[in-house]
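# Report on the structure
Below, each chain spelled out in residue letters.
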Amino acid sequence: MKTRLSTAAALLALLASTARAQTMPVIPIPQPPVDSTDPVATLVSRLDLEHYKATVKGLTQFGDRRQGTKRNRDAVDWIEAQLKSYGCTNTERITYTYTPPPPRNADSTARAAAARGRTPQAQGGGRIRGVRTRTGVNTDSLKQPDPRIRALDAEPTTPGERQEVYCTKVGETHPEEMYIVGGHMDGHGWNEAANDDGSGTALVMELARVFSSPDVKTDRSIRFVLWNNEETGLNGARAYVEQRQGLQGKESPAGSGKYPEPKWLGMIQHDMMMFDHGMPRPDGSISPEQRPEADVNIEFQSNSKMADASQKLAWAFHSANEKYATDYPAQVGPHMTNTDSAPFQDLVPAISLRENERGREVGAGWDPHWHQPTDVFATFSDKDFRLGLNAAQTTLGAVGTLVGAKLGGIPVRK
Ligand SMILES: [Zn+2]
């Protein structure tokens with residue numbers, strides 16, 4: 001009886017404390033109005049949730065857009081047509097050949113996976129903490145419950161020629177220098193690759209749309225690139241570096257004022273932008289809601305040759321997030337890894353933006369849709385899409401400032 005009474009008392013106390021917590025007054029946070037004297041703020045205000053969602057949705061019509069398939073080639077064609085329709089008309093393509101490496105020995109793959117499961121070491125550096133769940137790539141068509149998506153993704157990949165597309169906003173006073181803004185358009189896992197990486201691809205396309213508006217002028221150039229073959233080992237980004245690194249800053253034809261490959265000032269990659277529901281719970285489940293503390297993770301690689309300059313670029317993005325992003329803050333971390341910015345990281349300042357840190361969070365199972373059949377448009381809520389939109393606001397704000405964006409002749413205020 002005594003036990004039951006004290007249990008009841010404890011329960012009452014708990015209820016009371018819960019009730020107190022629930023009745024704390026909520027303080028509304030005023031949002032600053034758009035500064036009409038800041039052209040970058042005006043450009044950022046031209047992004048919106050519906051456009052962003054529509055672009056992600058458009059990409060999902062090509063299923064998982066797996067490299068080496070017709071659906072992947074059709075997606076490249078569609079992206080190019082979209083870029084042109086936005087006014088980014090100088091589209092070009094990189095052509096390369098992808099030959100898959102011989103399949104790894106199943107035993108060594110399993111051993112490597114088991115070893116990873118036993119260590120708190122995250123890919124790219126850093127430590128995994130807390131609850132971790134299994135991750136991997138779904139290769140079973142029958143795990144995709146929707147027969148329409150299963151049919152869309154049915155064609156297997158074939159080795160051979162690949163293409164990826166880019167277009168460029170040419171700078172007025174320094175056309176010979178540019179920032180590269182990228183995302184990868186290929187995916188896999190018997191899904192619609194809505195988040196990985198429809199969300200990053202759509203972000204890059206939305207920025208191309210805003211910067212290509214006829215009333216926007218920039219001092220420096222911006223190249224919008226939609227990488228292919230990221231999922232097979234960054235092969236599309238590697239092909240770009242291999243083919244174009246030596247062309248940087250060269251005027252061609254001489255005296256034309258044209259620079260087919262402006263000097264690279266920085267590379268900014270976007271990969272999985274929408275889902276930040278927090279760490280897996282002790283039972284392995286994940287919150288069905290975007291966590292209110294969701295953030296945009298800006299990462300550089302502290303073990304790269306360009307670490308110092310990359311870190312500086314990351315903080316410029318952090319600052320742009322504080323100034324321009326409407327809902328979610330940004331965090332900077334030193335462990336950028338496993339995405340198309342890696343082939344650039346020893347050459348130029350390079351960062352990635354993501355929903356979570358790639359190594360210790362995504363790698364620990366924070367995104368249960370990663371490479372799974374559930375990475376489809378219908379999985380994500382407006383709160384998820386809004387995190388992607390906030391990353392777009394962050395990059396547009398940062399890049400717009402870095403390239404000296406002007407609107408109708410108004411200079412950027414320092
Ligand atoms: Zn990805």
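Quick summary incoming for the structure in this document. (Residues numbered from 1 in each chain as written. Predicted model: local features only at pLDDT ≥ 70, side-chain atom pairs only at ≥ 80, totals over all residues. Heavy atoms only, no water.)

### Quick word on the overall build of the protein chain
In terms of regular secondary structure, the protein chain is built from 10 helices and 10 strands. The globule rule puts the C-alpha radius of gyration for 414 residues at 22 Å, and the 23 Å found for the protein chain is close to it. Taken along the three principal axes of its C-alpha coordinates, the protein chain extends 95 × 55 × 40 Å. Here the protein chain holds 414 residues, and 50% of them are scored as buried. Long-range pairs, those at least 24 residues apart, make up 81% of the contacts in the protein chain between residues at least 6 apart in sequence. In the structure as shown, the protein chain presents an accessible area of about 19200 Å², 56% of it carried by carbon and sulfur atoms. Looking at the protein chain, you have 48 positive and 50 negative side-chain charges, and the mean spots of the two groups are 4 Å apart. (Helix = DSSP H or I, 4+ residues; strand = E, 2+ residues; numbered from the N terminus. Rg over C-alpha atoms; globule rule 2.2 N^0.38 Å. Buried < 20%, exposed > 50% of the residue type's maximum accessible area, 1.4 Å probe, protein only. Contact = heavy atoms within 4.5 Å. Areas by Shrake-Rupley, 256 points an atom, 1.4 Å probe, with all protein chains shown as cover. Lys, Arg positive; Asp, Glu negative; His and termini not counted. Charge placed at Lys NZ, Arg CZ, Asp CG, Glu CD.)

### A look at the sheet that holds strand β8 (residues 330–333)
Taking strand neighbours across the sheet as the criterion, the 8 strands line up as β1-β2-β5-β3-β6-β9-β7-β8 in an open arrangement whose pairing is mixed. The two strands at the open ends of the sheet, each matched to only one other strand, are β1 (92–98) and β8. Each strand of the sheet is rotated relative to its neighbour by a mean of 25°, with strand direction disregarded. Two elements, strand β6 (residues 263–270) and strand β9 (residues 350–354), share 4 bridges in a ladder whose sense is parallel. Each bridged residue has a counterpart across the sheet, and for Q269 the counterpart in β9 is S352. Helix α4 (residues 70–85) contacts β1, β2 (160–169) and β5 (220–227) of the sheet and is inclined by roughly 15° relative to β2. (Pairing = 2+ DSSP bridges. Axes fitted to C-alpha atoms, helices over the stretch in contact; angles between N-to-C directions.)

### Here we look at the pattern of salt bridges
Scanning the entire structure with this criterion turns up 19 salt bridges. A salt bridge links D327 to R386; the nearest nitrogen and oxygen atoms lie 3.8 Å apart. Here D327 is found in the loop between α9 (307–324) and β8, whereas its partner R386 is found in helix α10 (residues 382–402), with 59 residues between them in sequence. In this structure, the salt-bridge partner of E361 is R360, at a minimum N-O distance of 3.6 Å. You can call E361 buried: its relative accessible area is 7%. What you see here is one network of salt bridges that share partners, running through D64, R71 and D153. (Salt bridge = Lys/Arg side-chain N within 4 Å of Asp/Glu carboxyl O.)

### Notes on the coordination of the zinc ion
When a metal carries six donors in an octahedron, the ideal angles between them are 90 or 180 degrees, while four donors in a tetrahedron ideally lie at 109.5 degrees. Around the zinc ion, the protein contributes the donor atoms H184 (NE2), D196 (OD), D271 (OD) and D271 (OD), at 2.0 to 2.7 Å from the metal centre. Taken together, the 4 donor atoms coordinating the zinc ion and their angles of 52 to 150° define a geometry best described as irregular. If you list the donors of the zinc ion from N- to C-terminus, the spacing comes out as H-x11-D-x74-D. Linking D196 in helix α7 (residues 194–211) with D271 in the loop between β6 and β7 (296–299), this pair joins segments that are 75 residues apart in sequence. Residue D196 shares its accessibility class with D271, and that shared class is buried. (Donors = N, O, S within 2.8 Å, 3.2 Å for Na, K, Ca; no water. Tetrahedral: all angles 85-135°; square planar, octahedral: opposite > 155°, others 65-115°.)

### Points about the packing of helix α3 (residues 49–60) against α7
Interaxial distance between α3 and α7 falls to 8 Å at its minimum, and their mutual angle equals 125°. Between α3 and α7, the interaxial angle falls into the category oblique. Seen from above, α3 lies across α7 with right-handed handedness. Across the interface between the two elements, H51, Y52, T55, V56, L59 and T60 from α3 touch A194, G198, S199, T201, A202, L203, M205, E206 and R209 from α7. When its residues are assigned to classes, the contact of α3 with α7 shows 7 nonpolar, 6 polar and 2 charged. (Parallel < 35°, antiparallel > 145°, perpendicular 65-115°, else oblique. Left-handed = near helix turned anticlockwise from the far one by under 90°. Nonpolar A, V, L, I, M, F, W, Y, C, P; charged D, E, K, R; others polar.)

### A closer look at the state of the cysteines
Scanning all chains against the criterion turns up 1 disulfide. Between C88 and C167 runs a disulfide, and the two sulfur atoms are separated by 2.2 Å. Note on the C88 and C167 pair: the S-S dihedral is about 100°, so by sign convention the disulfide is right-handed. On the criterion of sequence distance, the pair formed by C88 in the loop between α4 and β1 and C167 in strand β2 is long-range, its members being 79 residues apart. The buried category is assigned to C88, whose relative accessible area is 2%. Residue C167 is classed as buried on the basis of its relative accessible area, which comes to 0%. (Disulfide = S-S within 2.5 Å.)

### Focus on the pairing of β6
The element β6 is largely enclosed, with a buried count of 7 among its 8 residues. Judged from the 7 bridges that link them, strand β3 (residues 174–184) and β6 form a sheet pairing that is parallel. Paired with I180 across the two strands is M267, which belongs to β6.

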